[in-house]
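Structural characterization, general
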Amino acid sequence: MLHSAGTSRTLAQDSSNDGPVAALNALLDSGDMRPDPVQRAAAERLQQLHDELFDYDRTPPSQQSKGFLNRLGFGGNKKAAAPRGVYIYGPVGRGKSMIMDLFFDTAPIQRKRRVHFHAFMQEVQERVHARRKAGGEGNPIPDTARAIADQATLLAFDEFQVENIADAMILARLFEALFAEGVVVVATSNVMPRNLYKDGLQRERFLPFIDLLVERLDVFELTSETDYRLDRLRGRP
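No experiment lies behind these values; they were computed from the predicted model shown.

Our next topic: the nonpolar core. In this structure, F120, F157, F160 and F175 are the most contacted members of the largest nonpolar core, which totals 38 residues. For this core, the secondary structure elements donating two or more residues are β1 (85-89), α6 (117-133), α7 (141-151), β3 (154-158), α8 (165-180), β4 (184-189) and α9 (207-216). With 10 residues, α8 is the largest single contributor of residues to this core. For F160, the residues in contact, after removing those within four places along its chain, are Y87, F117, F175, A187, T188, S189, L196, F209 and L213. In this structure, L27, A42, A43 and M98 belong to the second largest nonpolar core, which totals 27 residues.

Right, let's get into the sheet that holds β1. The strand order across the open sheet formed by 5 strands is β2-β3-β4-β1-β5, and the pairing between neighbours is parallel. Because the sheet does not close on itself, it has two edges, and the strands there are β2 (112-116) and β5 (217-221). Across this sheet, the average inter-strand angle for adjacent strands is 15°, counted without regard to direction. Pairing of β3 with β4, which is carried by 4 bridges, proceeds in the parallel orientation. Along β4, the bridge assignment pairs F157 with A187. The strands touched by α6 within the sheet are β2 and β3, with β2 carrying the most contacts at an inclination of about 105°.

Another point: the packing of α6 against α8. With their axes 11 Å apart at the nearest point, α6 and α8 run at an angle of 85° to one another. Looking at the two axes, α6 sits roughly perpendicular to α8. From α6, F117, F120, M121, V124 and Q125 reach across to α8, where they touch A166, D167, I170, L171, L174, F175 and L178. Across the contact of α6 with α8, the residue classes break down as 10 nonpolar, 1 polar and 1 charged.

The next thing to look at is the environment of G95. Along the chain, G95 falls in the loop between β1 and α5 (96-106). Judged by relative accessible area, which is 10%, G95 ranks as buried.

Averaged over every residue, the pLDDT of the chain is 85; residues scoring 70 or more account for 79%. Contacts for the low-pLDDT stretch residues 1-16, under 50 throughout, to residues beyond four places or in other chains number 35 contacts.

Looking now at the side chain of R45. Note that R45 resides in helix α3 (residues 37-54). Beyond its immediate chain neighbours, meaning those up to four positions away, R45 contacts R84, G85, V86 and D218.

On to the packing of α6 against α7. Where α6 contacts α7, the two axes come as close as 10 Å, and the packing angle between them is 130°. As summarised for this structure, α6 and α7 are arranged oblique, according to the angle between their axes. Here α6 runs over α7; the crossing is right-handed. From α6, F120, V124, R127, V128 and R131 reach across to α7, where they touch I141, D143, T144, A147, I148 and Q151.

Parameters at a glance
Residues numbered from 1 in each chain as written. Predicted model: local features only at pLDDT ≥ 70, side-chain atom pairs only at ≥ 80, totals over all residues. Heavy atoms only, no water. Core = buried A, V, L, I, M, F, W, Y, C linked by side-chain atoms within 4.5 Å. Buried < 20%, exposed > 50% of the residue type's maximum accessible area, 1.4 Å probe, protein only. Helix = DSSP H or I, 4+ residues; strand = E, 2+ residues; numbered from the N terminus. Contact = heavy atoms within 4.5 Å. Pairing = 2+ DSSP bridges. Axes fitted to C-alpha atoms, helices over the stretch in contact; angles between N-to-C directions. Parallel < 35°, antiparallel > 145°, perpendicular 65-115°, else oblique. Nonpolar A, V, L, I, M, F, W, Y, C, P; charged D, E, K, R; others polar. pLDDT = per-residue confidence, 0-100. Left-handed = near helix turned anticlockwise from the far one by under 90°.

Here it is, written out as structure tokens:
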């Protein structure tokens, strides 16, 4: 599908004013991709989010007014409702990460971060541990979420997967706090939300996170008939 990862990023940046659909069209016109209706449908859903982000102004927590009237809800910095995120899942090699890259590279927002989900959760666990070690009192999750939200209004997760109980037990509280801070989430995964942490220990305590994810993100199944990773390897030693 793509000859190189760099190709998609360069062409996407050239189309940064128009969003992922224009970036996808540029790749098709260049011959680096061939048409795929399911990929285009995913790009069109992300285009909708791209357009909504133009009007989404979220002030980072560190810059929000702490005045008396603002705490009562009468301040001038009223939060705009965050756009719904998108969760794209499907088998490997169907172009999920590529489509998300086209969206991320063209997203009209300054504070944004793309990260592998496993690396992100390692970082979260380290933040929580450091706060506890420093003698912080109370629940460390809200402060951790606030620090993350201060750095990124848009979080794009690649390979969203939950594999250990330590992550599973904090995800609902963490993402509830992130959403409360106005963070927008986009993710790719090989599994549908309802199959996350399948057969995991104490999974019943994880189910509220799945409900939250489905409530706050649109779920899109990318089921192209072609495995493009396998297609690129065919004929090689």
